[in-house]
Amino acid sequence: MVRFLSYTALPLGLAFSVTSGAPSRRSMAVLDQRELPDYFAHAGTPSPDTLIHLKIALTANNMPGLEKRFWDVSTPGNALYGQHLSFEETKAFASPAPETVSAVTAWLNENGIDNSTTTGAFDDWLSLTIPISTVNSLFDAEYQIYTEIGGPTQLIRTLAYSVPVDLQQHINLIYPSTDFVRNIQGPKLRTSVVPGSSSNNTANARAQQIPFSCKVGITPTCLQNLYGIPTTNATQASNTLGVSGFMKQYPQMADLEMFLTRLRPDIPISTTYTLQSVDGGSDPQSGSKAGNEAVTFISVGKDNPDGIGGFLDIMNNINAQRTLPRVLTTSYGFDERDLTRPIAIRLCNTYALSGARGTSVLFASGKETSAEFSGGGFSDYFSRATYQSTSVETYLSTLGDTYGGRFSPNGRAFPDVAAQGFDVLIVNGGQPQLVSGTSCSSPIFASVIALINDRRVSAGKSPLGFLNPFLYLNPGAFFDITTGSNPGCGTHGFSAGVGWDPVTGLGTPNFAALLAAAGV
């Protein structure tokens, strides 16, 4: 769901340190190449003096070892289940080896480039600013200007680049290079004002009249009744819930107070949140900037040196912290094809780093449905995960040859779970509104996990961490949704059915059953 691709090109004259002289040549090997996406068109050649902020992703010291520990601590029944890694333990796996840093830095120095600096949560990136002419020569690339067809995004990218053969083991990818990422896809909410809310007085009265049923809209009380969620508050200070915000979308304190007053009068209206800023993100409504509130709002601005809307930057920021949020929910994302495989894998690995440390990461699935906005299907990049093999194979056996050739049946299947996302009642600008989308579903499910984590921590247990092996081992802990579909690509889409399906996953949460499965 990322749309604004932020490579940064600067006019010549800003400070950088590149000495003259032809780069030293070594035997080169293509690291990545692609065809021009059909949604971009060539728009010209940039000046050779244009500066690019380049990032070189360095190979982790022991990613296979980290992946093994990740699965060990995330799989119920494993002897290491729940024994999440510390920051130092994670760094030992994820940091590049000293010889990797020295080898790549030495090559840059040979070519007159001495302005590189290490960045990232584990010093796993080299950042530098150099002219396009130098980038082209250094990486056997041909950077050009490309414009999104019918869209606002303009990029300087190359369709291929190479690195020295002897550095292939040390360099994971170069950015910006072959990625054509469009603007972030934010919460796509179907919005309607609650009937009768033409004035604040009427709006307030309407909100007060919301019944315990779900006939008017999805309220906290409705969700409690649907899923068996308790009304008791969380108690553990270490059990924090992170909510990411992009595209200048922020929580509003006045709206939060009205929401609590009308829909959760049992919670003090003084309840607030902690603010963290990434890439110049802000919060004009001024949430608390320090404290031990249970919710942390992570505001991501538009100054994104990662080039993919801040998605790497937010995780690098989180992974660099000694104490992580126990749950992180995000209602934004990309289309998979906007990313190349190398950067998609790199991004996936950043989530694995936080999962290995005990954070549950949840995303809205986007354009899917057992409502027409629900998005599910199969990845073209990632193979099906072992934990979901049985569930997905069962579904595919009932699907048969339907849509054959239109999707990757061996790809990672999604979504994993579902939650209400239609006519969810919020307060926005002092007005109650009904909104719809999986951007509602993700924070609802994240809240359920946060409450279960609170019970586990209270009982002296670890948080759930990476959820999926636990979820697929306990399909009976969900209310199965067996009707509906997710139309798309000129078809009726996949259909919901008994068990897992690519419309609603395993189903919606049954709090009591999930709590029992979690051992509390």
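Residues numbered from 1 in each chain as written. Predicted model: local features only at pLDDT ≥ 70, side-chain atom pairs only at ≥ 80, totals over all residues. Heavy atoms only, no water.

1. A short note on the overall build of the chain
- Along its length, the chain carries 13 helices and 24 strands.
- Each of the 520 residues in the chain was classed as buried or not, and the buried ones make up 53%.
- Of the contacts formed within the chain by residues at least 6 apart in sequence, a portion of 76% connects residues at least 24 apart.
- Carbon and sulfur atoms make up 53% of the accessible area of the chain, which totals about 21,900 Å². (Helix = DSSP H or I, 4+ residues; strand = E, 2+ residues; numbered from the N terminus. Buried < 20%, exposed > 50% of the residue type's maximum accessible area, 1.4 Å probe, protein only. Contact = heavy atoms within 4.5 Å. Areas by Shrake-Rupley, 256 points an atom, 1.4 Å probe, with all protein chains shown as cover.)

2. Focus on the confidence of the model for the chain
- In the predicted model, the chain carries a mean pLDDT of 86, and the fraction of residues at 70 or more is 86%.
- Confidence drops under a pLDDT of 50 for residues 1-21, and excluding neighbours within four residues, the segment shows 80 contacts in the predicted structure. (pLDDT = per-residue confidence, 0-100.)

3. Let's talk about the sheet that holds strand E16 (residues 360-363)
- Spatially, the five strands line up as an open sheet ordered E13-E14-E12-E15-E16, and their pairing is parallel. Both outer strands of the open sheet, strand E13 (274-278) and E16, are each paired with one neighbouring strand and no more. Strand after strand, the sheet turns through a mean of 20 degrees between neighbouring axes, direction not considered.
- Note: strand E12 (residues 241-245) against strand E14 (residues 295-300), five bridges, orientation parallel. (Pairing = 2+ DSSP bridges. Axes fitted to C-alpha atoms, helices over the stretch in contact; angles between N-to-C directions.)

4. Considering the nonpolar core
- Residues Ile56, Leu108, Phe139, Ile308 and Phe311 are the most contacted members of the largest nonpolar core, which totals 49 residues.
- Not counting the four nearest positions on each side in its chain, Leu108 is found in contact with Ile56, Ile113, Ser116, Leu126, Leu128 and Leu138.
- With 45 residues, the next largest nonpolar core counts Ala413, Ile449, Leu506 and Ala518 among its residues. (Core = buried A, V, L, I, M, F, W, Y, C linked by side-chain atoms within 4.5 Å.)

5. Points about the state of the cysteines
- For the structure on display, the rule yields one disulfide.
- The disulfide partner of Cys214 is Cys222, and the gap between their sulfur atoms is 1.8 Å. An S-S torsion of about 105 degrees defines the bridge between Cys214 and Cys222 as right-handed. (Disulfide = S-S within 2.5 Å.)

6. Quick look at the sheet that holds strand E3 (residues 40-44)
- Strand order in the open sheet formed by three strands is E3-E7-E8, and the pairing between neighbours is antiparallel. The sheet terminates laterally at E3 and strand E8 (154-157), the two strands that pair on one side only. Taking each pair of neighbouring strands and ignoring which way they run, the sheet shows an average axis angle of 40 degrees.
- Here four bridges tie E3 to strand E7 (residues 144-148), and the two strands are oriented antiparallel to one another. Note that in E7 the partner of Gly44 across the bridge is Ile145.

7. Section: the side chain of Ser299
- Note on placement: Ser299 falls in strand E14.
- The contact partners of Ser299, leaving out residues within four places of it in the chain, are Gly245, Tyr250, Leu275, Gln276, Ser277, Val278, Gly281 and Ser282.

8. Examining the environment of Pro37
- You can see Pro37 is positioned in the loop between strand E2 (28-33) and E3.
- Counting along the chain gives 143 residues from Pro37 to Phe180, while the straight-line C-alpha distance between them is 7.5 Å.

9. Points about helix H1 (residues 63-74)
- Compared with an ideal rise of 1.5 Å per residue, which puts 12 residues at 16 Å, H1 spans 16 Å between its outermost C-alpha atoms and is within 8% of the ideal.
- Among all positions of H1, only Met63, Gly65, Leu66, Phe70, Asp72, Val73 and Ser74 are buried.
- Structurally, H1 contributes buried residues whose contacts are with helix H2 (87-94), helix H9 (341-356) and helix H12 (468-473).
- Capping of H1 at its N-terminal end is provided by Asn62; its side-chain oxygen lies 2.9 Å from the backbone amide nitrogen of Gly65. (Expected span 1.5 Å × (residues − 1). Polar contact = N/O pair within 3.5 Å; in protein donor to acceptor, adjacent residues only side chain to side chain.)

10. Some words on the packing of H1 against H9
- At a closest axis distance of 9 Å, the pairing of H1 and H9 adopts a crossing angle of 50 degrees. Considered as vectors, H1 and H9 are oriented oblique to each other. For the pair H1 and H9, the sense of crossing is left-handed. Of H9, the residues touching H1 (which contributes Met63, Leu66, Glu67, Phe70 and Val73) are Asn349, Ala352, Leu353, Gly355 and Ala356.
- In the contact of H1 with H9, the residues fall into seven nonpolar, two polar and one charged. (Parallel < 35°, antiparallel > 145°, perpendicular 65-115°, else oblique. Left-handed = near helix turned anticlockwise from the far one by under 90°. Nonpolar A, V, L, I, M, F, W, Y, C, P; charged D, E, K, R; others polar.)

11. A short note on the packing of helix H8 (residues 311-319) against H9
- Between H8 and H9, the least distance of the axes is 10 Å, while the angle of their chain directions is 25 degrees. As summarised for this structure, H8 and H9 are arranged roughly parallel, according to the angle between their axes. For H8 against H9, the interelement crossing comes out left-handed. Of the residues in H9, those in contact with Phe311, Leu312, Met315 and Asn319 of H8 are Ile343, Arg346, Leu347, Thr350, Tyr351, Leu353 and Ser354.
- Here the contact of H8 with H9 is composed, by residue class, of seven nonpolar, three polar and one charged.

12. Some words on the packing of aromatic side chains
- Taken as a whole, this structure holds 24 aromatic pairs when the rule is applied.
- Ring geometry for Trp107 against Phe139: centres 5.5 Å apart, planes inclined by 80 degrees, an arrangement best described as edge-to-face. Remark: Phe139 occurs in helix H4 (residues 132-139) and Trp107 occurs in helix H3 (residues 98-110); sequence separation between them is 32 residues.
- For Phe139, a relative accessible area of 1% gives the class buried.
- A centroid spacing of 5.3 Å and a plane angle of 40 degrees characterise the contact between Tyr387 and Tyr472, whose relative ring orientation is tilted. Here Tyr387 is found in the loop between strand E17 (377-383) and helix H10 (389-399), whereas its partner Tyr472 is found in helix H12, with 85 residues between them in sequence. Of the two residues, Tyr387 and Tyr472, neither departs from the other in class, the shared state being buried.
- Aromatic ring contacts, followed pair by pair, group Phe246, Phe311, Tyr332, Phe334, Tyr351 and Phe363 into a single cluster.
- Stacked on the ring of Tyr39, the Lys or Arg Arg182 has its end atom at 3.8 Å from the ring centre.
- A cation sits over an aromatic face here: Arg346 above Trp125, 4.8 Å from the ring centre. (Phe/Tyr/Trp six-rings, centres within 6.5 Å; stacked < 30°, edge-to-face > 60°. Lys NZ or Arg CZ within 6 Å of the ring centre and 35° of its normal.)

13. Regarding the pairing of strand E23 (residues 491-495)
- In this sheet, E23 lies alongside strand E22 (residues 485-488) in antiparallel orientation, the contact comprising three bridges. Across the sheet, the residue bridging to Asn486 is Phe494, located in E23.
- Here E22 folds back onto E23, and the loop between the two strands holds two residues, one of which, Cys489, carries a positive phi near 55 degrees.

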